[in-house]
2 protein chains.
Amino acid sequence: MRNILIIGAGRSATSLIKYLLDKSESENLHITIGDLSEENAKKFTQGHANAKGIYLDVFDEIARKEAIQNADLVISMLPARFHIEAAKDCITYGKHLVTASYVSKEMQALDEDAKAKGLVFMNEIGVDPGIDHMSAMQVIDRIREGGGKLLLFESFTGGLIAPESDDNLWHYKFTWNPRNVVVAGQGGAAEFIQEGTYKYIPYHKLFRRTEFLDIEGHGRFEAYANRNSLKYRSVYGLDDILTLYRGTMRRVGFSKAWNMFVQLGMTDDGYTIPNSEDLTYREFINLFLPYHPTDSVELKTRYALKIDQDDLMWYKLLELDLFNAEKKIGIKEATPAQALQKILMDKWTLKEDDKDMIVMYHKFGYELNGKKKQIDSNMVLIGEDQTYTAMAKTVGLPVAMAALRILNKEITTPGVQIPISKEVYEPILKELEEYGITFKEHFADYLGYNPEGVAG
Amino acid sequence: MRNILIIGAGRSATSLIKYLLDKSESENLHITIGDLSEENAKKFTQGHANAKGIYLDVFDEIARKEAIQNADLVISMLPARFHIEAAKDCITYGKHLVTASYVSKEMQALDEDAKAKGLVFMNEIGVDPGIDHMSAMQVIDRIREGGGKLLLFESFTGGLIAPESDDNLWHYKFTWNPRNVVVAGQGGAAEFIQEGTYKYIPYHKLFRRTEFLDIEGHGRFEAYANRNSLKYRSVYGLDDILTLYRGTMRRVGFSKAWNMFVQLGMTDDGYTIPNSEDLTYREFINLFLPYHPTDSVELKTRYALKIDQDDLMWYKLLELDLFNAEKKIGIKEATPAQALQKILMDKWTLKEDDKDMIVMYHKFGYELNGKKKQIDSNMVLIGEDQTYTAMAKTVGLPVAMAALRILNKEITTPGVQIPISKEVYEPILKELEEYGITFKEHFADYLGYNPEGVAG
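Keep in mind that what you see is a predicted model, and the values were worked out from it rather than measured.

Trainee: Got a sec to walk through the overall build of chain A? Specific residues and values, please.
Mentor: For chain A, the helix and strand inventory stands at 16 helices and 16 strands. For a compact globule of 456 residues, the expected C-alpha radius of gyration is about 23 Å, and chain A comes in at 24 Å, within 12% of that figure. Expressed along its principal axes, the backbone C-alpha trace of chain A runs to roughly 75 × 60 × 40 Å. Counting the 456 residues in chain A, one finds 57% classified as buried. A sequence separation of at least 24 residues applies to 71% of the contacts in chain A between residues at least 6 apart.

Here it is as C-alpha cells:
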C-alpha cells in the first residue's frame, strides 16, 4: 500500500478524496485524512476500508511529524500560510508534497532541498491557480512548437452560480470564500500590459474597466483585471509579449453594480466601525452618505450614486435589503468589508439544491509565417450538487491526479514547482476530460488591440 | 545668559530665530543653531553676537549630548521622527524641549520622566498643529465658562499662495512640503462625526465632498476632510459633541481638478513604475488610460474624465504640460505620486518674489440658555517674502514664544504636552497679534447641519 496523507478536509476536498478512494483498490492506496475535526475527517472516508480519518492539528509538531513519517506523499489542503511546517517535515522525512496554493517565499526556499532529495513539491495545481496554468501552457507550447510567436495572452477565471440556480439580480452567489470576493482587487492598482505599454487601474476604477467574453451556449460574461497580471510573465516565457492580462469573470452587470459599494467605500477593510455590532444595515450604509437633515437614506444613496429609482442598479440594492432598519450587522469591531459581507451572505449563500459553475477563458494571439492569428479557448463546468461542486472538482481532481502520478513515478522532476511542464499538464488535462473538464478551442481573426499596428 | 539650542535650520526656522535674536539682548539669550550644514547654521545667525552656528548631526551621540548639555532649553525643528534621541537627552540632562511636531508614541512615553524632573516638553506648537489648538481652545474654554454646551466644532487650515502671487489656474503653489500635498488623504477613509453620526469618505471621493468657506476680504475657499477629525475629540474635552470635522483649505476649484489625478490613479504611492526615469510626461499619463490604437492621449484623457476640451478642467491639465512628449520624469523607480510631484513642481514652485498665505477657519456651534449660537473665527496671514513666509511665521513664532516663556518660568506645568491650556495659549495668542497673526470672530446664526432638530 502507498500511503497518502491529506491535511485539511474542507469543502474543496470532496472530489479529491473521492478520486483517490475510487482508485485505492487498483492503485494500492491508503488514504489518511487529518483534520482539526476528527468527525469531519472520518465523514470524508465514507467508511472506505482504505481510508481513515484522524484528528490532526498541524501545529502539533509531534502529531504532524508522525503523520507525515507514515505517508509516502502529503497533500495539504490547508490555507497557504499553514503549509510550511508540513513542507519542512516532508523534506526531513523525504516525502512528496502536493498543494493547490500559490508558492510562498518560504515554500520556494525549499526548492534546493527538495531537489537534493529527489522530491516533487507540486503547488498551484488546483483550478486558479492550476488548470489555468496547464491549459494555457499547453496551447502556448503548441503555438511555439509550430513556429508561432506569442503576441497576446489573456486569461480569465470565474467561480459563479450555475444558470439553473441563478435567481438573483446580481447573477452571483458565494460559491467560494466570500471574503475574497468582498476584498477582491484591494491593496494596490491592477497592473497589466497592453500592446507593449504598461497599464494601471486604481481600485476605485477596477470594476468600470471590464471586458466582455462570450462563450457559445453559455452567453455573455464580463471580466475585471486581477491585481498582478504580470506574475507569470517570465514563468510562462512571455517576457516579450505585447499584451498580458489576467482577470476575474462575472455575469454581465455584476461589476457595474459592485462598483456602487466601491464608490461608497463599503468594501474598505482598513478600519473598524465603532459600535458595528449594534448598527442596522440602514445605519451602516448611512455611514458612507453625506449628512442631510431630511433626505432619506434611500434618496441620499440614489443621489450619491446618481441612479434613478427605476434603474436596475437600484433594484439590486433593494434586493440585498440594504436599507433594513431592523437587521443588525452583529459583528464586533467590523470593518466595512466585514459588515458588507454579512449583508451579502444573507442573500448570496447557496441554497441546498444550488449548483455552482466554473468558467475559464483564454485568448492567445500569435504571429505565424507573417500572419496574425488568435486561438480562444474556454472551459465551463457545472457542479453536480453541493458536495461535488464544480469548485471541488476543478480544485481537487488535478491535485489528486498529480499525487497519483507522482507516486507512480510518471511525474518525477524534483523541486518546488507549478504545473507548467508537459510531463505534468499533458496527462492531467487528458484525464480531466473524463471528468467533464474540457477546453473548447476556436480560431478567430487576430483580435489584438492594434491588429493593423497603428501607432497610438 | 540663557542658552537655547535650535536643532535643524530649515525654511521654517527663519522667524523663530529672528524672534529670539531680536530678544537676545533684553532677555539675555544665547542661541546655538545646529544643522547638518554648518554654513546654513551660520547664515541663520546673521552674524549676531548672541548666536553661533555649528555643525550638528543629531545621530552623532557625543556631539548631540554635548550640545544639549550646554543648553538650558532645546528647540527641535527636525522632522518629527528625528526628535526622540534629543528628547531623551533632554530628560537625562534636565533640559526643556519645544517642537512643532505631533506627539509621537515615543515622545509621549517620556511624559512621566519629564514630570519627575519638572521639565516642560511642549509639542505641536507650530501652526497646524499649534495655532489651531490654541485659537480653538481659547474659544471653546470661553464658551464653556459662559455656560455654553458645544454642539459643533469644525476647523480648517490651508497653506496657500498669496493672491498677489496667484498666477495659475489651480490657484495653488507648493508653499510647503510638496510630497504631503500629493499624498494628502491617502492611507484610509476620512472619518468624522456629523450630527451624532459617524461618517466616512473613501480616498477616491475625498476631493468631491468639499465645503465652501468665505472669509471677508479674502473671498471663497473650499475644504476637504482630513483623515482623522476625531484625533483631538477627548483632548479638547469634546467627547459628546455632535459634529466634529477637520479639513484642509484650498482655493475653490482645486479639489475638483485634483480629483482628476485621483480618479486616474496618478497619486498612488504604493508601487513603482518600470523604467520611470525615461518615461515622458505623456507616457506617464498614458499608463492610466485605457488602450486605444488610434485615439490620442489627449482624447483618451478627456474621455476617461468625461470633460470637454473647452472645460476649465482641461486647461488646468494643459497648464501643467502633462502631455509633453519630450520632458522626462527622470526619477528611477518612481511611484506615480513621485512622478506626479515632479510634473507639478515644474509649475507650482514659488518664484522669487512670490508670497505665501496661511488661512485658518474655525466654526464653533453651541447652545446657551436654550438658544443655539455659532461663532466663526478666522485668521489670514500673508508672508513678507520668501524668507519670512507666513508658514515660517506661524510655525516659528509660537515655538519661539513658548521657548522664551518656559525659560522665564511663565509656562511651568511639566510633562509632554500640547498647547491647550490657558497658561500657554493666552499669552502666546496675545503676543502673536503683534506679528499680525490675529483671529477675527463673528457671531452667526447656528449653522449646524440640523438646526431644527429634524430627524433624518
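Now that the structure has been shown, the text picks up again.
Trainee: Any details on the side chain of Ser15 of chain B? Residues and values, ideally.
Mentor: Structurally, Ser15 of chain B is set in helix H1 (residues 14–27). Apart from residues no more than four positions distant in its own chain, Ser15 of chain B is found in contact with Tyr388, Ala392, Lys393 and Leu397 of chain B.

Trainee: Talk me through helix H4 (residues 61–69) of chain A; I want residue IDs and the actual numbers.
Mentor: By the burial criterion, the buried members of H4 of chain A are Arg64, Ala67 and Ile68 of chain A. An end-on view of H4 of chain A places all buried positions within 95° of arc, on one side of the element.

Trainee: An account of the interface of chain A and chain B is needed here, citing residue identities and associated values.
Mentor: With 36 residues of chain A at the interface, the matching set in chain B holds 36 residues. In total, about 3,000 Å² of surface goes out of reach between chain A and chain B, with carbon and sulfur atoms giving 56% of it. On the chain A side of the interface with chain B, the three residues burying the most area are Tyr200, Leu287 and Tyr291 of chain A, jointly 24% of the side's total. The interface formed by chain A and chain B holds 14 residue pairs in polar contact (both at pLDDT 80 or more) in total. Of all the elements in the fold, those that place two or more residues in the side of chain A that touches chain B are strand S8 (190–194), strand S9 (197–201) and helix H10 (254–264) of chain A. Ranked by residues supplied to the side of chain A that touches chain B, first place goes to S9 of chain A with four residues. Grouping the constituent residues of the side of chain A that touches chain B by class yields 18 nonpolar, 11 polar and seven charged.

Trainee: Describe the pairing of strand S3 (residues 51–55) of chain A, listing the residues and the values that go with them.
Mentor: Residue and element names in this part refer to chain A. Both strand S2 (residues 29–35) and S3 contribute to a ladder of five bridges, which runs parallel. The partner of Ile31 across the bridge, within S3, is Ala51. In the classification by handedness, the crossover that spans S2, the intervening helix H3 (residues 38–45) and the parallel S3 is right-handed.

Trainee: Describe helix H14 (residues 390–407) of chain B, listing the residues and the values that go with them.
Mentor: All names here are of chain B. Between its first and last C-alpha, H14 extends 26 Å over 18 residues, near the 26 Å set by a 1.5 Å rise per residue. Maximum bend of H14: about 25°, positioned at Gly396, with proline Pro398 one to four residues after it. Counting buried positions along H14 gives 18 out of 18 residues, so the element sits mostly inside the fold. The positive-phi residue at the C-terminal boundary of H14 is Lys409, with phi of around 60°.

Trainee: Mind laying out the relation of the copies chain A and chain B, listing which residues take part and the relevant values?
Mentor: For the match of chain A to chain B, the screw axis carries a shift of 0.1 Å, the RMSD comes to 0.1 Å, and the turn is 180°. These values place the two chain copies in the arrangement generated by a two-fold rotation axis. In terms of C-alpha distance to the rotation axis, chain A has His204 of chain A as its closest residue, with the C-alpha 3.4 Å off the axis.

Trainee: Explain the side chain of Arg64 of chain B to me, and be specific about the residues and the numbers.
Mentor: All names here are of chain B. Counting through the fold element by element, Arg64 comes out in helix H3 (residues 61–69). Residue classification places Arg64 among the buried residues on the basis of a relative accessible area of 4%. For Arg64, the side chain forms a polar contact with the main-chain oxygen of Val58, separated by 2.8 Å. Leave out the neighbours within four places in its chain, and Arg64 touches Leu56, Val58, Phe59, Glu85, Ala86 and Asp89.

Trainee: Go over the nonpolar core, please, and point to the residues and values.
Mentor: Here is a general trend for soluble globular proteins: nonpolar side chains tend to be buried in one another's company. Among the nonpolar cores identified, the biggest contains 68 residues, and Leu16, Leu20 and Ile75 of chain B are the most heavily contacted of them. Considering every element that reaches this core, the biggest residue donor is H14 of chain B, with 12 residues. Two domains share this core, each providing at least three of its residues, namely domain 1 (2–122) and domain 2 (131–257 + 352–455) of chain B. Judged by nonpolar contacts, the second largest core, of 67 residues, contains Leu381, Ile411, Leu429 and Leu432 of chain A.

Trainee: I'd like a rundown of the environment of Glu85 of chain A, residues and numbers included.
Mentor: Examined against the element boundaries, Glu85 of chain A turns out to sit in helix H5 (residues 84–93). Each C-alpha atom of the pair Glu85 of chain A and Tyr200 of chain A lies 37 Å from the other, and the pair is 115 residues apart in sequence.

Trainee: Break down the sheet that holds strand S1 (residues 2–7) of chain A for me, citing the residues and quoting the values.
Mentor: Whether parallel or antiparallel, the strands of a sheet pair through hydrogen bonds between backbone atoms. Residue and element names in this part refer to chain A. Across the sheet, which stays open at both edges, the seven strands sit in the order S3-S2-S1-S4-S5-S6-S15 with parallel pairing between neighbours. Every other strand in the sheet has two partners, leaving S3 and strand S15 (415–417) as the edge strands with one partner each. The sheet shows a mean angle of 15° between the axes of neighbouring strands, taken without regard to direction. Judged from the four bridges that link them, S1 and strand S4 (residues 73–76) form a sheet pairing that is parallel. What sits directly across from Ile7, in S4, is Ser76. Set on the sheet, H3 makes contact with S2 and S3; between it and S3 the angle comes to about 170°.

Trainee: Talk me through the pattern of salt bridges; I want residue IDs and the actual numbers.
Mentor: Residue and element names in this part refer to chain B. Counted under the stated rule, the structure contains 52 salt bridges over all chains. The shortest N-O distance in the salt bridge between Lys18 and Asp22 comes to 3.0 Å. Linking Lys18 with Asp22, this pair stays in helix H1, spanning four residues, or about one helical turn. Looking at Lys18, the relative accessible area reads 34%, which means it is partly exposed.

Trainee: Tell me about a nonpolar patch on the surface, residues and numbers included.
Mentor: Residue and element names in this part refer to chain A. On the surface, a cluster of nonpolar side chains totalling about 340 Å² of accessible area is made up of Leu169, Leu312, Tyr315 and Leu318. Summarising the element assignment, Leu169 is placed in the loop between strand S7 (149–161) and helix H9 (178–182). Judged by relative accessible area, Leu169 falls into the partly exposed class, the value being 30%.

Trainee: Could you give an account of the sheet that holds strand S6 (residues 120–122) of chain B, naming the residues involved and the relevant values?
Mentor: All names here are of chain B. Strand order across the open sheet formed by seven strands is S3-S2-S1-S4-S5-S6-S15, with parallel pairing between neighbours. Either end of the sheet is taken by a strand with one partner, and the two such strands are strand S3 (51–55) and strand S15 (415–417). In this sheet, neighbouring strand axes are inclined to one another by 15° on average, regardless of whether the strands run parallel or antiparallel. Both strand S4 (residues 73–76) and strand S5 (residues 96–99) contribute to a ladder of four bridges, which runs parallel. When the bridges of S5 are listed, Ile75 appears paired with Val98.

Trainee: Pulling in residues and values, what's your account of the domain arrangement of chain A?
Mentor: Residues and elements named next belong to chain A. Segmentation of chain A into domains returns domain 1 (2–122), domain 2 (131–257 + 352–455) and domain 3 (268–348). The distance between the C-alpha centroids of domain 2 and domain 3 comes to 33 Å. Note on domain 2 versus domain 3: buried area summed over both sides is about 1,400 Å², and carbon and sulfur give 67% of it. By the criterion of area lost to domain 3, the three top residues of domain 2 are Leu169, Trp170 and Phe174, representing 41% of everything that side buries. Between the two partners, domain 2 and domain 3, sit one salt bridge. Where Arg179 meets Asp269, a salt bridge forms, and the shortest distance between an N and an O atom there is 2.4 Å.

Trainee: For the confidence of the model for chain A, give the residues involved together with the corresponding values.
Mentor: Taken over all residues, the pLDDT of chain A has a mean of 95, while the share at 70 or more is 99%. Interface confidence for the predicted complex, given as ipTM, is 0.86, next to a pTM of 0.90.

Trainee: Provide a residue-level description of the packing of aromatic side chains, including the pertinent values.
Mentor: Evaluated as defined, the whole model comprises 50 aromatic pairs over all chains. Plain terms: the ring middles of Phe254 of chain A and Trp348 of chain A are 6.0 Å apart, the flat faces sit at 45° to each other, and that makes the pair tilted. A residue pair is termed long-range when its members are at least 10 positions apart, and Phe254 of chain A in helix H10 and Trp348 of chain A in helix H14 (residues 336–348) qualify at 94 residues. A centroid spacing of 5.7 Å and a plane angle of 10° characterise the contact between Phe254 of chain B and Trp258 of chain B, whose relative ring orientation is stacked. A residue pair is termed a helical-turn pair when its members lie 3 or 4 positions apart in one helix, as Phe254 of chain B and Trp258 of chain B do in helix H9 (residues 254–264) at four residues. Each member of the pair Phe254 of chain B and Trp258 of chain B is classed as buried. The positively charged end of Arg250 of chain B is found above the aromatic ring belonging to Phe254 of chain B, 5.4 Å away from the centroid. In this structure, Arg302 of chain B packs its charged tip against the face of Trp314 of chain B, placed 4.7 Å from the ring centre.

Parameters at a glance
- Residues numbered from 1 in each chain as written.
- Chains lettered and ligands numbered in written order.
- Predicted model: local features only at pLDDT ≥ 70, side-chain atom pairs only at ≥ 80, totals over all residues.
- Heavy atoms only, no water.
- Helix = DSSP H or I, 4+ residues; strand = E, 2+ residues; numbered from the N terminus.
- Rg over C-alpha atoms; globule rule 2.2 N^0.38 Å.
- Buried < 20%, exposed > 50% of the residue type's maximum accessible area, 1.4 Å probe, protein only.
- Contact = heavy atoms within 4.5 Å.
- Arc of directions from axis to C-beta.
- Buried area = accessible area lost by both parts, 1.4 Å probe.
- Polar contact = N/O pair within 3.5 Å; in protein donor to acceptor, adjacent residues only side chain to side chain.
- Nonpolar A, V, L, I, M, F, W, Y, C, P; charged D, E, K, R; others polar.
- Pairing = 2+ DSSP bridges.
- Right-handed = clockwise from strand over helix to strand, strands pointing away.
- Expected span 1.5 Å × (residues − 1).
- Bend = angle between axes of the 7 residues up to and from the residue.
- Least-squares fit on C-alpha atoms with pLDDT ≥ 70 in both.
- Core = buried A, V, L, I, M, F, W, Y, C linked by side-chain atoms within 4.5 Å.
- Domains from an automatic or database assignment.
- Axes fitted to C-alpha atoms, helices over the stretch in contact; angles between N-to-C directions.
- Salt bridge = Lys/Arg side-chain N within 4 Å of Asp/Glu carboxyl O.
- Patch = residues over 30% accessible without salt bridge, like charges linked within 9 Å, V, L, I, M, F, W, Y side chains within 5 Å.
- Areas by Shrake-Rupley, 256 points an atom, 1.4 Å probe, with all protein chains shown as cover.
- pLDDT = per-residue confidence, 0-100.
- Phe/Tyr/Trp six-rings, centres within 6.5 Å; stacked < 30°, edge-to-face > 60°.
- Lys NZ or Arg CZ within 6 Å of the ring centre and 35° of its normal.

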